[in-house]
Amino acid sequence: MTPKRRRLWLVIVGMVTLGIATGLVLFAFQDSLLFFYSPTDVVEKGVPPDRRFRLGGLVEEKSVVRDGVTVTFRITDLNEVIPVRFTGMLPDLFREGQGVVAEGKLDGDGVFVASSVLAKHDENYMPPEVADALMKSEQWKGRQAQ
Amino acid sequence: MIAEIGHFALILALLVALVQGTLPVLGAWRGNDAWVALARPASAMFFVLVAIAFGCLTEAFVVSDFSVATVASNSHSAKPMLYKVTGVWGNHEGSLLLWILILSAFSFLVAQFGGNLPPGLRARVLSVLGLVGVGFLLFILLTSNPFERLDPAPLDGRGLNPLLQDPGLAFHPPFLYLGYVGLSVSFAFAVAALIEGRVDPAWARWVRPWTLVAWCFLTLGIALGSWWAYYELGWGGWWFWDPVENASFMPWLAATALVHSAIVVERRDALKSWTILLAIIAFSLSLLGTFLVRSGVLNSVHAFATDPTRGVFILGFLIVVVGGSLTLFATRAPALKAGGMFAPISREASLVLNNLLLATAAGTVLLGTLYPLFLDALTGMKVTVGPPYFNSVFIPLFTPVVVAVAIGPLLSWKRDDLLGVLGRLKMVLAATVIAALATWYWLGDGPVLAVLGMALTVWLGGGALFEYADRIKLFRAPAGESWRRARNLPRSAYGMTVAHLGLALTIMGITVSGAWQDEKLQVMRPGETVRVGAYDATFKGAERVAGPNYSALRGTFEITRDGRPVTVLYPETRTYDTSAMDTTEAAIRPTPLSDLYVVIGEPDGQGGYATRIYYKPLVSWIWIGSLFMVFGGALSISDRRHRVGAPSRRRRSVAAAGTA
């Protein structure tokens, strides 16, 4: 086998690998790219019920209701409010009035069914998307004083 | 005063690194032996000065000197001593200092153990390490000085994030950094070889042990990090494809490829340019990893943009290192003489395939990690690339790697016959098919992917064992003969078998713990019992207990199996005094066969507590397998080829290598 033929082989195998990888990436991006929406985005853009996305905002004061291991609460950006239902263990830092990001999809009745709820592991932490969304809603200025 | 000594030592270290980074390489170029000889004392000096600075910062943490800003914002007088010390690297400034300490230690070791290196190559390698050191020292001194003073000094510190107060995480960064920085040695060898314009088997024999050292530490660091995530975060998961995890996984993939391609350079004098390129890529990815985690860009692109000094420096440094070395590669690599030929079916070719796939996998992880950052910076759109992306891209790319790992070592160099080798592997193939069918049968409603996972486990494990048995002619020769062969096998052969077995064990742990786990989530009142796996967990009650710097809600769970008591588990939710922050402390009963994992959450106000109990079969083999891999790497390093008989460089004129 000449060096030239070997190089040709390498190039072909390399291209095939890259091609497969590109296909995989494009295919995976279709399904697993999760967009972040604030409650206002959800109301304005009209997200279809079967689409997974991440919803972020503040946990509305006095909205948390526990029923066994199922919790319902409302996420607000101080403009719009979306009700959320979640079954599972809430993160340690989940509090009313604190920033939160939930991942899941809307059911037919406009309730966001979350498969996971994140409240970051730091008491001063406001998820950056949430801070942005709150800024945009123009109801909230700067980080909350702790 | 101590802090000022540390600061001063760092400035001196910068000057020494500057000398180490310039004079030896110039000396090697101009033929000035005195300048070349300077590399060794300079590297010793560099190490000593950085060690002094690191010692000074450690002292400030130990005595809780809150007039030092780093200490004040990351430590607290009431913290246990262990975490005061490990807090040194639990923050941005200190971790950069740790990075540079390890770099100077590696450069010192290269100078000390590099006695058998040609002086010119050694001088160039040490110079490259010195220049990397200059970059990091400038970054520390200009943007992240760990010795900055506060006036007035606060009465007490702000404390370390409670999540980080854990032995697993305390020692995770040093191991990870030993891996990251170890790759800088491979990088330095690559750049030095490019400057010299030649790569030969002796070069690979020097590079491989260093790369293996880095790879072992990186493996250990990643395993430790995932183990920490498993028991500390309380979600029962052990890998989340989080950008921080990806940042360490990408260099690991590249380093794994590098460890394998260096074999081809050493044995067959082929794949030289590719190996050099891999060394550059691996180190670039570890730089990227360090900065992704340390710059805060992952938390928010905007926070990064609002404090641009660090960001701009980081980008500049990355551009100089990556761009500079790639430019050097582009101009010099064509001059490297191509070595041994090989056919598309040969051991070389199988290693090329392994390299291509690992590099592609690293590329897809890179894309998934950086894509959200770019999209946010360019369009302001917020997206997350989550585990589904990585699983659906990574598994198809990694599966052929695993398939090839069983075949590759059985192929001979230069050319071989694939069908012949598969014929020898027919027993392993049969076992794989049986394992796949058995998994299919026992799976129930588990994920179909488990069939693939179990098949790969048996294929890879069986292949590794078969290859070993084949080498010592087990059952084909008298026992005495096999025993003699087993004793005479080089350690690197054992290293390969052990590391490949480790990968099989890890895949087994991942597959089985995922497919056959049992999870129960419920509100439990004292006296209630839940069945999970083959075990019954009875909740006896919860009480508040006090720890050294926290108070905790502690639940008591009695675990029985068929009515016989097994153990008692005490999961906790801790509230730390210094920050209004809780952490979940899962209670885990690990055994080689299965883990029981109990988490207690908030009270429901009516005497019940939210509880979550997992039964995870074979989950500990994920980490035991990683330890096998590390042990295999260590065996390979200790191979006598790397220790005895200074690898001698084939005499060949530089001009001949240059013109070929």
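This structure is a prediction, so every number in the text was calculated from the model and none was measured.

S.K.: So what's going on with the overall build of chain A? Residues and values would help.
M.R.: Broken down by element type, chain A carries three helices and seven strands. Helices (α) and strands (β) of chain A occur, in sequence order from the N terminus, as α-β-α-β-β-β-β-β-β-α. Burial analysis of chain A (146 residues in total) assigns 34% to the buried set. Of the contacts made within chain A by residues no fewer than 6 positions apart, 56% connect residues no fewer than 24 positions apart.

S.K.: Tell me about the packing of helix 11 (residues 243-268) of chain B against helix 15 (residues 347-379) of chain B, residues and numbers included.
M.R.: Residues and elements named next belong to chain B. Closest axis-to-axis distance for the helix 11/helix 15 pair is 9 Å, and the angle between their directions is 160 degrees. Classified by the interaxial angle, the pair formed by helix 11 and helix 15 is roughly antiparallel. Crossing of helix 11 against helix 15: the hand is left-handed.

S.K.: Give a description of the domain arrangement of chain B that names residues and reports values.
M.R.: Residue and element names in this part refer to chain B. The domains assigned to chain B are domain 1 (1-163), domain 2 (166-348), domain 3 (425-516) and domain 4 (518-617). When each unit is reduced to the centre of its C-alpha atoms, the spacing between domain 1 and domain 2 is 21 Å. With 27 residues of domain 1 at the interface, the matching set in domain 2 holds 23 residues. Among the elements of the structure, helix 5 (81-86), helix 6 (92-113) and helix 7 (119-143) are those that each provide at least two residues to the side of domain 1 that touches domain 2. With eleven residues, the top contributor of residues to the side of domain 1 that touches domain 2 is helix 7. When grouped by side-chain class, the residues that make up the side of domain 1 that touches domain 2 number 19 nonpolar, seven polar and one charged.

S.K.: Outline the sheet that holds strand 2 (residues 518-524) of chain B, supporting the account with residue identities and numerical values.
M.R.: The pairing of strands in a sheet comes from backbone hydrogen bonds and takes either a parallel or an antiparallel form. Residue and element names in this part refer to chain B. The antiparallel open sheet is built from four strands, whose spatial order is 2-11-10-9. Because the sheet does not close on itself, it has two edges, and the strands there are strand 2 and strand 9 (587-590). The mean inter-strand angle of the sheet, taken between neighbouring strand axes irrespective of direction, is 10 degrees. Pairing of strand 9 with strand 10 (residues 594-603), which is carried by four bridges, proceeds in the antiparallel orientation. When the sheet's bridge partners are listed, alanine 587 is paired in strand 10 with valine 598.

S.K.: Hey, could you go over the nonpolar core for me, with residue numbers and the actual values?
M.R.: By size, the foremost hydrophobic cluster in this structure holds 192 residues, and its most contacted members are Ala13(B) and Ala254(B). Looking at this core element by element, the count peaks at 19 residues for helix 10 (residues 201-232) of chain B. Residues Val59(A), Val101(A), Ile613(B) and Tyr615(B) belong to the second largest nonpolar core, which totals 51 residues.

S.K.: Report on the confidence of the model for chain B, specifying residues and quantitative values.
M.R.: Residue and element names in this part refer to chain B. Here chain B averages 87 in pLDDT, and 95% of its residues register 70 or above. Every residue in residues 650-660 is under pLDDT 50, and counting partners more than four places away or in other chains gives ten contacts. With pTM at 0.90, the complex prediction returns an ipTM value of 0.81.

S.K.: Can you break down the environment of Val16(A) residue by residue, with the values?
M.R.: All names here are of chain A. Among the structural elements, valine 16 can be located in helix 1 (residues 3-32). The exposure class of valine 16 is exposed, given the 11 C-beta atoms found within 10 Å. Between the C-alpha atoms of valine 16 and valine 64, which are 48 residues apart in sequence, the distance is 53 Å.

S.K.: Residue-level account of the interface of chain B and chain A, with values.
M.R.: Counting residues at the interface gives 42 residues for chain B, matched by 33 residues for chain A. Every element with two or more residues in the side of chain B that touches chain A is listed here: helix 15, strand 1 (383-385), helix 16 (387-407), strand 2, strand 8 (582-585), strand 10 and strand 11 (609-617) of chain B. Counting residues per element, the side of chain B that touches chain A draws most heavily on helix 15 of chain B, at seven residues. For the side of chain B that touches chain A, the class distribution of residues is 23 nonpolar, 15 polar and four charged.

S.K.: Describe in detail helix 9 (residues 172-196) of chain B, supporting the description with residues and values.
M.R.: All names here are of chain B. An ideal rise of 1.5 Å per residue puts 36 Å on 25 residues; helix 9 measures up with 37 Å between its terminal C-alpha atoms. Summarising burial for helix 9: 22 of the 25 residues are buried, a large majority. Within two residues after helix 9, glycine 197 carries a phi angle of roughly 80 degrees, on the positive side.

S.K.: Describe helix 3 (residues 39-62) of chain B, listing the residues and the values that go with them.
M.R.: Structural remark: α-helix, 3.6 residues per turn; residues separated by three or four positions point the same way. Relative to the 34 Å expected for 24 residues at 1.5 Å per residue, helix 3 of chain B spans 34 Å between its end C-alpha atoms, a close match to the ideal helical length. Once helix 3 of chain B ends, the next one or two residues include Ser64(B), with phi positive near 55 degrees.

S.K.: Can you lay out the environment of Leu370(B) for me, pointing to particular residues and giving the numbers?
M.R.: Residues and elements named next belong to chain B. By secondary structure assignment, the location of leucine 370 is in helix 15. By C-beta crowding, leucine 370 is classed as partly exposed, having 16 other C-beta atoms within 10 Å. For the pair leucine 370 and proline 24, spaced 346 residues apart in the sequence, the C-alpha separation amounts to 38 Å.

Rules used in this analysis
Residues numbered from 1 in each chain as written. Chains lettered and ligands numbered in written order. Predicted model: local features only at pLDDT ≥ 70, side-chain atom pairs only at ≥ 80, totals over all residues. Helix = DSSP H or I, 4+ residues; strand = E, 2+ residues; numbered from the N terminus. Buried ≥ 20, exposed ≤ 12 C-beta atoms within 10 Å, placed from the backbone. Contact = placed C-beta atoms within 7 Å. Axes fitted to C-alpha atoms, helices over the stretch in contact; angles between N-to-C directions. Parallel < 35°, antiparallel > 145°, perpendicular 65-115°, else oblique. Left-handed = near helix turned anticlockwise from the far one by under 90°. Domains from an automatic or database assignment. Nonpolar A, V, L, I, M, F, W, Y, C, P; charged D, E, K, R; others polar. Pairing = 2+ DSSP bridges. Core = buried A, V, L, I, M, F, W, Y, C linked by C-beta atoms within 7 Å. pLDDT = per-residue confidence, 0-100. Expected span 1.5 Å × (residues − 1).

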